[in-house]
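Here is what each chain is made of, one letter per residue.
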Amino acid sequence: MAKLGKRTRAAREAVAGKENLSVEEAVALVKANATSKFDETIEIAMNLGVDTRHADQMVRGVVGLPNGTGKDMRVAVFARGPKADEAKEAGADIVGAEDLMESIQAGNIDFDRCIATPDMMPIVGRLGKVLGPRNLMPNPKVGTVTMDVKAAVEAAKGGEVQFKAEKGGVVHAGVGKASFDEAKLAENVRAFISAVAKAKPSGAKGTYMKKIALSSTMGPGVTVDVAQASGE
């Protein structure tokens, strides 16, 4: 087994035996152990009692974190004419139509969120195999297929986070940076958990939220008390 570095060993020792903490306790512990030279992302992972192979058990949604993500989101928009101008004015980083499709097909995926006007979907639809696995495919259910391009771009830039249950029923996302105040991180964590709770699908059976864990980019994870965090 590889020898652990001093920082990694100290971080693991700090969280050893500490499980099912309150959101506030978990945030304080994870933040205290985020000691890298860069501003680590605070991440949440949730194990849900769903089987994503069934359409009625798919978990997907979007949440505006009250204190933002701390990440500079790069936004691409598929639009033409006045809607393309609207996207640029709202702060979109990349705006295009067929030219943007060709750029993506060539492997240029230099963005974190993709938005499209409805008339662009025949073009965007050709990119399903590229954008889908990266959770970048525009979708009306999460507000990224819309005529209100300005609002969608501003929401993405303002700390809106999309989530989707992956294979095994795991949902994960960044909910802030280690430099955030503990109270602001805790508020973001609770907002995310609440959004996932509200997105419970009709086909979910048994326990919906099985496990919640917080970690930093380079730090160990700590588990959160599900009942306390979700209000169940």
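Since the model is a prediction, treat every value here as computed from it, not as a measurement.

Calculation rules
- Residues numbered from 1 in each chain as written.
- Predicted model: local features only at pLDDT ≥ 70, side-chain atom pairs only at ≥ 80, totals over all residues.
- Heavy atoms only, no water.
- Helix = DSSP H or I, 4+ residues; strand = E, 2+ residues; numbered from the N terminus.
- Buried < 20%, exposed > 50% of the residue type's maximum accessible area, 1.4 Å probe, protein only.
- Polar contact = N/O pair within 3.5 Å; in protein donor to acceptor, adjacent residues only side chain to side chain.
- Contact = heavy atoms within 4.5 Å.
- Axes fitted to C-alpha atoms, helices over the stretch in contact; angles between N-to-C directions.
- Parallel < 35°, antiparallel > 145°, perpendicular 65-115°, else oblique.
- Left-handed = near helix turned anticlockwise from the far one by under 90°.
- Pairing = 2+ DSSP bridges.
- Salt bridge = Lys/Arg side-chain N within 4 Å of Asp/Glu carboxyl O.
- Core = buried A, V, L, I, M, F, W, Y, C linked by side-chain atoms within 4.5 Å.
- Arc of directions from axis to C-beta.

1. Quick look at the side chain of S216
- By secondary structure assignment, the location of S216 is in strand β8 (residues 209-216).
- For S216, a relative accessible area of 2% puts it in the buried group.
- Engagement of the side chain of S216 in a polar contact is seen with the side chain of E40, the distance being 2.8 Å.
- Dropping the residues within four chain positions of it, S216 is found in contact with V30, A34, E40, T41 and I42.

2. Considering the environment of P82
- Following the sequence through the fold, P82 ends up in helix α3 (residues 81-90).
- The class for P82 is exposed, based on a relative accessible area of 67%.
- Along the chain, P82 and Q57 lie 25 residues apart, while their C-alpha atoms are 38 Å from each other.

3. So, the packing of α3 against helix α7 (residues 149-157)
- Direction vectors running N to C along α3 and α7 enclose 30 degrees, while the axes themselves pass 8 Å from each other. Classified by the angle their axes make, α3 and α7 are roughly parallel. Between α3 and α7 lies a crossing whose hand is right-handed. Touching K83, E86, A87 and A90 of α3 are V149, K150, V153 and E154, all from α7.

4. What about the sheet that holds strand β7 (residues 170-177)?
- Within the open sheet, the four strands sit side by side as β7-β1-β8-β9. Their pairing is antiparallel. Edge positions in the open sheet fall to β7 and β9 (222-224), since each of these has one partner strand only. With strand direction ignored, the average angle separating the axes of adjacent strands in the sheet is 25 degrees.
- Summarising the sheet, strand β1 (residues 41-48) and β8 pair through seven bridges and their orientation is antiparallel. Bridged to N47 within β8 is K211.

5. Looking at the pattern of salt bridges
- Within this structure, the stated rule accounts for 10 salt bridges.
- In this structure, the salt-bridge partner of R80 is E98, at a minimum N-O distance of 2.5 Å. Taken as a pair, R80 in the loop between β3 (75-78) and α3 and E98 in helix α4 (residues 98-105) lie far apart in primary sequence, 18 residues in all.
- E160 serves as the salt-bridge partner of R113, at 3.1 Å between the closest nitrogen and oxygen. Remark: E160 occurs in strand β6 (residues 160-164) and R113 occurs in strand β5 (residues 113-116); sequence separation between them is 47 residues.

6. Things to note about the sheet that holds β5
- Across the sheet, three strands lie side by side as β4-β3-β5; this open sheet has parallel pairing. Bordering the open sheet on either side are β4 (94-96) and β5, each of which pairs with just one other strand. Direction aside, the axes of adjacent strands within the sheet are offset by 15 degrees on average.
- Two elements, β3 and β4, share three bridges in a ladder whose sense is parallel. The residue of β4 that forms the bridge with A76 is I94.

7. Regarding the pairing of β8
- Taken together, the three bridges between β8 and β9 define a ladder with antiparallel strand orientation. Paired with L214 across the strands is V222, a residue of β9.
- Here β8 hands over to β9 after five residues, the two strands then running antiparallel side by side.

8. Things to note about the nonpolar core
- Of all hydrophobic cores here, the largest spans 40 residues; its most connected members are I44 and F192.
- Elements represented by at least two residues in this core include exactly α2 (23-32), β1, β6, β7, α8 (182-198), β8, β9 and α9 (226-230).
- By residue number, the principal contributor to this core is α8, which donates seven residues.
- In this structure, A76, A97, A116 and V124 belong to the second largest nonpolar core, which totals 15 residues.

9. What about α7?
- Those residues of α7 that fall on the buried side of the exposure criterion are V149, A152, V153 and A156. In an axial view of α7, the angular spread of the buried residues amounts to 95 degrees, which keeps them on one side of the axis.
- Each element contacted by the buried residues of α7 is listed here: β3, α3, β5 and β6.
- Downstream of α7 by one or two residues, G159 has phi in the positive range, about 110 degrees.

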